[in-house]
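Chain by chain, the residues run as shown.
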Amino acid sequence: MNEPATLGEALSRRGISRRAFLKYSAYLASVMALPASASQAIAQGLAKARRQSVIWLSFQECTGCTESITRSSSPTLEDLIFDLISLDYHHTLMSVSGDAAEHAREAAMKENKGKYIVVVDGSVPLKDDGIYSTIAGITNLQMLKDTVKDAAAVVAVGSCAAFGGIPHARPNPTGAASITDIVKDKPVINIPGCPPIPEAMTGTLAYILSFGKLPELDHLARPKAFFGETIHDRCYRRPFYDKGLFAESFDDEGARKGYCLYKVGCKGPIAYNACATLKWNHGTSFPIQSGHGCLGCSEPHFWDQGGFYKPLAAHAGVSAPLIGAAAVAGAAAGGAAAWIARRHQQRYLAETEAIDRSVGKDKG
Amino acid sequence: MTQQIRHTHTVPGCAEPDGPTGMMHALLREIADALERFVATGEVTAIDMRGLPLSDADRVGIERQLGQGEVSAILTVAGQSEIWETAISGVWWVRHLGASGGVAAEEIVITRLPEILATHPDDARDGLVRLRAMLAAPPADTTSPHIATTEDAA
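What counts, and at which threshold
- Residues numbered from 1 in each chain as written.
- Chains lettered and ligands numbered in written order.
- Predicted model: local features only at pLDDT ≥ 70, side-chain atom pairs only at ≥ 80, totals over all residues.
- Helix = DSSP H or I, 4+ residues; strand = E, 2+ residues; numbered from the N terminus.
- Contact = placed C-beta atoms within 7 Å.
- Pairing = 2+ DSSP bridges.
- Axes fitted to C-alpha atoms, helices over the stretch in contact; angles between N-to-C directions.
- Parallel < 35°, antiparallel > 145°, perpendicular 65-115°, else oblique.
- Nonpolar A, V, L, I, M, F, W, Y, C, P; charged D, E, K, R; others polar.

> I keep staring at the environment of A:Tyr309 and nothing clicks. Help me out?
Relative to the helices and strands, A:Tyr309 is located in the loop between helix 15 (275-278) and helix 16 (312-316). Each residue touching A:Tyr309, except ones within four places of it in the same chain, is listed here: A:Val264 and A:Gly265.

> When you look at the sheet that holds strand 2 (residues 85-90) of chain A in this model, what are you seeing that I'm missing?
Two strands in a sheet stick together by hydrogen bonds in their backbones, pointing the same way (parallel) or opposite ways (antiparallel). All names here are of chain A. The sheet built from five strands is open, its strands ordered 2-1-3-7-9 with parallel pairing. Two strands in the sheet have a free side with no partner beyond their single neighbour: strand 2 and strand 9 (188-191). Strand after strand, the sheet turns through a mean of 25° between neighbouring axes, direction not considered. Bridge count for strand 7 (residues 153-157) against strand 9 is four bridges, and the pairing is parallel. Looking at the pairing, Val155 lines up with Ile189 of strand 9. Where helix 6 (residues 99-111) meets the sheet, its contacts fall on strand 1 (52-58) and strand 2, and the angle it forms with strand 2 comes to roughly 135°. Strands in contact with helix 11 (residues 198-211) are strand 1, strand 2, strand 7 and strand 9; relative to strand 9, the strand with the most contacts, it is inclined by about 150°.

> Looking at this model, I keep getting lost on the packing of helix 3 (residues 39-48) of chain A against helix 11 of chain A. Mind explaining?
What describes two packed helices is the angle between their axes and the distance between those same axes. Residues and elements named next belong to chain A. It is the contact of helix 3 with helix 11, at a shortest axis distance of 7 Å, that shows an interaxial angle of 80°. Classed by the angle they form, the pair helix 3 and helix 11 counts as roughly perpendicular. Across the interface between the two elements, Ile42, Gly45 and Leu46 of helix 3 pack against Leu209, Ser210 and Phe211 of helix 11. Residue composition of the contact of helix 3 with helix 11, grouped by class: four nonpolar, two polar and no charged.

Laid out in structure tokens, this is it:
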């Protein structure tokens, strides 16, 4: 039997209807804060797309990013995302295959020249010619350059790949660098986090497949759909901040009442990520909901910010009374969480309509 | 359809506010505005429930206020989905569950019929191909029920 031409055809051969795309796209629109009405355009794009070749490189990392993506929760995303992509090489998952894995990478690069996506987790050591991390005798730096050369785009997942992460923390003994420090001639998307939210990784890949273009990125090359607002903006404890109600320690009455964790070091106000809305472990919880402040792990240099338990104001030299003033100033914003979501959706609606037209033109 | 649709979804969590936040009335007004547009112009609106800062009490309150209408459906594709028309005609509740049974996506859709319930033209074409193939193949099992034809009648 011939290889199916499109994802729609591939699912059809397995007896799965287009409703699967509609369901997945409803989910994708929700996690990317796109207007719910955009899901039809996504479904059409996915049905007409071809399977995307993905080569996944793992460098100076802890495997947490891979652990995260393989636990993504959605309409059987475990099945669907791997129907949408062809994971031709994954260093960690295929390491036991040895030489055969490296040949698979080379074959995928040759067959999909100019079309494949390289996903990288982990930073790249540059010191002493990069000898601190090698795979099959090849330095990470060399493997990255060789693999990226004919790629369509690069996705740096996790804070190590996006910003250097923990290997880059002072004193950075290996000279760890981020992917954007090295790759200058290809589009790079950063999906930071330690680990990143699985839906941010899979959602970004599905977006590229649906629309045939990169999602809108912020100044740090992060998809705005997931990194457009701070944890603080969407935190359910935000009303306590607005009222000036704070936990002063982890075992005081304020902590027991679920007050804002700003004074015990929460970095939510400066951390752009979607933990407060998407949450973790099948939407069960996220650090703040479990009683611990946000570490700001999706921001550059998060490990060197001067202490996880020191309030942000202490870093900036702001006095305690000013925290209260900030709280008062934030009161108006606190009631506007729904408005923020709406504004975000409206911005995307305009863009999606334009994309919808171009997708119809290109793929129809 | 024998399967009952659950009408209360509890969001797990240890410290989220569980009382009403005032969002319920705001959302009901938004639904009313959308329904007004639908009646006047046919414009379909979908409201993503996960994008709104709703407490458990808000969710339960909205479900109770909207009630249940005459139509409900269970969709089984890539996990289960629960879809029902609320007691307000034209206002549909669409809840997609993930593999683990948690809510993956949830929308209130103001429309005649949610798109996902209708048969996609491509699927109908695929169905026709399968049916033609079935009819063209010799019967594999002689004990299968006999389909009456006009020849039998003669």
